[in-house]
Structure formats: structure tokens, C-alpha cells
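# Observations on the three-dimensional arrangement
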Amino acid sequence: MVYLNFLLVACIVASLVFYFYFKTKQFRSTLPIRTKWYKAKSGVALAAFIIFFGFNATILYPDMIGYIVAIVFLIIGIILGTSNYKRMRHEGRFVQEEYELNK
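All figures in this text were calculated on a predicted structure; none of them were measured in a lab.

A few words now on the packing of helix α1 (residues 2-28) against helix α2 (residues 32-60). A packed helix pair is summarised by two numbers, namely the angle formed by the two axes and the spacing between the axes. The contact between α1 and α2 brings their axes to 8 Å, and the two run at 160 degrees. When the axis of α1 is compared with that of α2, the two are roughly antiparallel. Seen from above, α1 lies across α2 with left-handed handedness. Here the residues of the contact of α1 with α2 are counted per class, giving 19 nonpolar, 6 polar and 4 charged.

Now the structure itself:
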């Protein structure tokens, strides 16, 4: 159980690092499609953070309240992740084209 908690905390930290990395790339980007692409990628990382946090809540609080909080976080994370993943795939198709047009 300790190792699973350690693994989930490592995943939580990694997803936060990716979230801040993509948010920084979003603010530094000058091309509009690339900015939206990085925004969607940071949304996927945020959704991963919420999902891992929900799983970790079940380990830390193994009672009914912990399970309810985990289910809410998992539902929110899955909805956020799927919508941002779809946006990321859609805008990712136009990133290279936009880069070539704005050389």
C-alpha cells in the first residue's frame, strides 16, 4: 500500500510538472493554433492530476466520504481529459501547417 501511494504521488507531481511546462509554453508561444494546442495539452495534464488525486484519495481515506470524493474527482478528470484530448488531436493537425505558413 505504501508503494502504491508513493507511485501515485510521483504521478501527481509529474502531471503537475507537465501542466506547468505546457502552460509556460502556451504563454510563450506567438502562433495562435500552437497556443491553443499547448492549452489543450496542459488541460490533459491537469486532468491526469485530478484522476491521480482521486485514486490517491481512496488510499488515504478508505471510507465512504473518501470514495465519494474519489468518484467525483475521477468523473471530472475523465470528462476534462477526454475533451482536452480531442481538442489536442484536432489542433495538433494544424500546428505544422501554421508553422510553415509563418516562417
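The structure having been displayed, the exposition proceeds.
This part is about the side chain of lysine 23. If you trace the backbone, lysine 23 turns up in helix α1. Glutamate 91 is the oppositely charged side chain nearest to the buried, salt-bridge-free lysine 23, at an N-O distance of 11 Å. What lysine 23 contacts, discounting residues up to four positions off in sequence, is Lys39 and Ser42.

With that settled, consider the side chain of glutamine 26. Along the polypeptide, glutamine 26 turns up in helix α1. At a separation of 3.1 Å, a polar atom in the side chain of glutamine 26 contacts the side chain of lysine 23. Setting aside chain neighbours within four positions, we find glutamine 26 in contact with Thr35, Tyr38, Lys39 and Ser42.

As a further point, take the nonpolar core. Phe22, Trp37, Tyr38, Ala40, Met88 and Val95 form the largest nonpolar core, which has 6 residues in total. Counting only elements with at least two residues in this core, the list comes to α2 and α3 (64-101). At 3 residues, the largest contribution of residues to this core is made by α2. Filtering out sequence-adjacent residues up to four positions away, tryptophan 37 remains in contact with Met88, Glu91, Gly92 and Val95.

Okay, the packing of aromatic side chains next. Under the defined criterion, the tally for this structure stands at 7 aromatic pairs. With a centroid separation of 6.4 Å and 20 degrees between ring planes, the pair formed by phenylalanine 22 and tyrosine 38 is classed as stacked. Of this pair, phenylalanine 22 sits in helix α1 while tyrosine 38 sits in helix α2, placing them 16 residues apart in sequence. Classification of phenylalanine 22 as buried rests on a relative accessible area of 13%. The rings of Phe18, Tyr21, Phe22, Trp37 and Tyr38 are connected pair by pair, giving a single aromatic cluster. Here lysine 41 stacks its cationic end above the ring of tryptophan 37, 4.1 Å away from the centre of that ring.

Rules and cut-offs
Residues numbered from 1 in each chain as written. Predicted model: local features only at pLDDT ≥ 70, side-chain atom pairs only at ≥ 80, totals over all residues. Heavy atoms only, no water. Axes fitted to C-alpha atoms, helices over the stretch in contact; angles between N-to-C directions. Helix = DSSP H or I, 4+ residues; strand = E, 2+ residues; numbered from the N terminus. Parallel < 35°, antiparallel > 145°, perpendicular 65-115°, else oblique. Left-handed = near helix turned anticlockwise from the far one by under 90°. Nonpolar A, V, L, I, M, F, W, Y, C, P; charged D, E, K, R; others polar. Buried < 20%, exposed > 50% of the residue type's maximum accessible area, 1.4 Å probe, protein only. Lys, Arg positive; Asp, Glu negative; His and termini not counted. Salt bridge = Lys/Arg side-chain N within 4 Å of Asp/Glu carboxyl O. Contact = heavy atoms within 4.5 Å. Polar contact = N/O pair within 3.5 Å; in protein donor to acceptor, adjacent residues only side chain to side chain. Core = buried A, V, L, I, M, F, W, Y, C linked by side-chain atoms within 4.5 Å. Phe/Tyr/Trp six-rings, centres within 6.5 Å; stacked < 30°, edge-to-face > 60°. Lys NZ or Arg CZ within 6 Å of the ring centre and 35° of its normal.

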